[in-house]
Amino acid sequence: MKRSGLVLLFIFLCSLFLPAQTDNASDFRFTSIEDQIREYNRQAKNLPTEKAGEMLNLARKAYSLAEMENLKELSCESEALMGIAYFYLLEIDKSLQFLSQSYDRAEKYQYTELRAFSAYNMGIVYTYLEDKEKALELFRESFTFAGMEKTDQKILILKALSETYRDLEMFAEAAKYAENAYIMAEELGENLRMQELQLLAGEIDYKNGKFRESVGRLISIIRETGDDSRFISVRSLAMSLLGRNYALLKDYTRALSYGQEALLAAVSSSNEKNRLEAYSALAFIFRQMNNYEEAFNYLSLYYEQKEIYERGRNEKNLNNIKANYETLEKEKEIDEQRNRIDSQNRLILYGALMLICLLALLFIFYLLYRKNSRIVEKLSRDLKREMVLSKTDSATGLPNRKAIEEKIRELYLQWKSNGKDFSLLFLSFKEHSHLDEEIAPGTGELFQKYIGDILNKELKGQDTIALWKPFVFSILMPSTDLESLVSVRHKLGYALKECRFSAGDKEIALSFKSASSVYNGEGTLKDFLDLCREQLKAANI
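About the criteria used
Residues numbered from 1 in each chain as written. Predicted model: local features only at pLDDT ≥ 70, side-chain atom pairs only at ≥ 80, totals over all residues. Heavy atoms only, no water. Axes fitted to C-alpha atoms, helices over the stretch in contact; angles between N-to-C directions. Helix = DSSP H or I, 4+ residues; strand = E, 2+ residues; numbered from the N terminus. Parallel < 35°, antiparallel > 145°, perpendicular 65-115°, else oblique. Left-handed = near helix turned anticlockwise from the far one by under 90°. Contact = heavy atoms within 4.5 Å. Nonpolar A, V, L, I, M, F, W, Y, C, P; charged D, E, K, R; others polar. Patch = residues over 30% accessible without salt bridge, like charges linked within 9 Å, V, L, I, M, F, W, Y side chains within 5 Å. Areas by Shrake-Rupley, 256 points an atom, 1.4 Å probe, with all protein chains shown as cover. Salt bridge = Lys/Arg side-chain N within 4 Å of Asp/Glu carboxyl O. Buried < 20%, exposed > 50% of the residue type's maximum accessible area, 1.4 Å probe, protein only. Pairing = 2+ DSSP bridges. pLDDT = per-residue confidence, 0-100.

A. Examining the packing of helix 4 (residues 72-88) against helix 6 (residues 112-128) more closely. In the contact formed by helix 4 and helix 6, the axes pass within 10 Å of each other and the chain directions differ by 15 degrees. Classed by the angle they form, the pair helix 4 and helix 6 counts as roughly parallel. The handedness of the crossing between helix 4 and helix 6 is left-handed. Taken together, the residues of helix 6 that come into contact with helix 4 (itself represented by Glu73, Cys76, Glu77, Ala80, Leu81, Ile84 and Phe87) are Leu114, Phe117, Ser118, Asn121, Ile124, Val125 and Tyr128. Considering only residue class, the contact of helix 4 with helix 6 consists of ten nonpolar, two polar and two charged.

Written out as structure tokens, the structure reads:
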């Protein structure tokens, strides 16, 4: 009895030494390799665009297992998903390579659904490459092999056909496919798809010169309810297009009303693409009204915002690609560590069962396991840190100049509805810009962070504080007139003069210059920014 109890106790202790279940270990929940591959493909298919790296990793795992088990259909599906992931990463050559391989295999083994799926996604890639004729050919083939069943994928194919015919100015065909897709979405109860297709039909009528028909379709979209951000996005685009229609129908009151509502909806939902469309629509409406000054203002906002949007999108894509390859390298290293740890833990279990009396040896293996677990945890933490992208100034933690310029534009647009003045105050500490040479490298960054902390403490988050450029801070104050601005400037001036910056064995009194400007409705946004620059220049900042 004593020996039996000791064995049970020892097995229990061994179970405590086994590693916690990792991501790879979770694969054991599958009843078969085939189920595991299907789950990998399902997860990859449901991931959004911004997780293209994770999508590619899942599809690769599924493809490797499918090839190993000679499961051709699942392997074909994984190839298509890898092609889609590469398209999201903007590696177009690799995307077409894998999609073509998937298409050829589906054609060879007569996997009709996969053939339709691959053809559709190749059509999307060729649309991106502006090869409309090739895209149309692939969409047609995808529709042929999609089968009779009414599915969301078939709606997407019909929508792609309609959009391609629209771009080729074949409006009758475009309208026919848009109507078919709408009927199918209505039967499936896909309310969002129905609104998107109504918007597409309205755009086709608009481009075909049928402005009143376009208005009718777009009005039905706006009347639909739904607080989801996707519904708001569709309504914002519909209002922009309505503004264009009414401008061409010379109903300028409604045109301006819908154009401004579209802009407010885009700003409130932080949808940059919709905001660009609203700027463009308002510029078009004012041009139709022969109000060229306002048309120029909105067109300037459109191009400035477009440059920021496209630069941010390109930077995001580059970071996505970089993060994907860094993740692959880290995952490879982590997998090697995990495999080694798994082998060692198995050895611990077998040795414990064989050598029950040698508890000292078991303790050694336990320490080894804990050491390896810490290594894996450290690698995981390092991986997460490397994938985090900074969005603020690294020295102060404050917003950067681009962030505050965007905030100025928003306040300018809000002024048109509420008429409340806003102010911009600049504080320059350029006299202290040589701290790195005078004291030690890095002192300048510490100084700027010190000033940022003081400003945050004094203003207590009521206003927007940003680093305009090195050693020059900007403070944007909504609903602030000239009198309030002077009061804030005196308050900050008094607080800063009372402070001392310490570095090493030196204590430095703060010396600064200031400049300011108030927007009270006089002139355009460009005039206000030019005035700010003149104030900075006059103050020798």
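From this point, things continue past the structure.
B. Quick peek at a nonpolar patch on the surface. A grouping of Met354, Leu355, Leu358, Leu361 and Ile364 is seen on the molecular surface, where their side chains present a nonpolar patch of about 480 Å² in accessible area. With respect to the secondary-structure elements, Leu361 resides in helix 16 (residues 359-387). For Leu361, a relative accessible area of 35% corresponds to the partly exposed category.

C. A look at the sheet that holds strand 2 (residues 464-469). Read across the open sheet, the four strands follow the order 2-3-1-6; overall the sheet is antiparallel. Among the strands making up the open sheet, the edge pair consists of strand 2 and strand 6 (513-519). Taking the axes of each pair of neighbouring strands and ignoring which way they run, one obtains an average angle of 20 degrees across the sheet. Bridge analysis of strand 1 (residues 422-428) against strand 6 gives seven bridges, and the strand direction is antiparallel. Bridge assignment links Phe422 to a residue of strand 6, and that residue is Tyr519. Packing against the sheet, helix 19 (residues 443-459) makes contact with strand 1, strand 2 and strand 3 (472-478), and its axis sits at approximately 20 degrees to strand 3. Against the sheet, helix 20 (residues 482-497) makes contact with strand 1, strand 3 and strand 6, and its axis sits at roughly 160 degrees relative to strand 6, the strand it touches most.

D. Representation of the environment of Gly216 within the structure. Summarising the element assignment, Gly216 is placed in helix 11 (residues 211-223). The exposure class assigned to Gly216 is partly exposed, which follows from its relative accessible area of 45%.

E. Highlighting the confidence of the model for the protein chain. Counting all residues, the mean pLDDT for the protein chain is 83, and 87% of those residues have values of 70 or more. Within the protein chain, the lowest mean pLDDT, 46, falls on helix 1 (residues 2-17), and the highest, 94, falls on helix 5 (residues 92-108). Contacts for the low-pLDDT stretch residues 1-28, under 50 throughout, to residues beyond four places or in other chains number 27 contacts. Scored below 50 in pLDDT, residues 386-390 shows four contacts in the model against residues more than four places distant or in partner chains.

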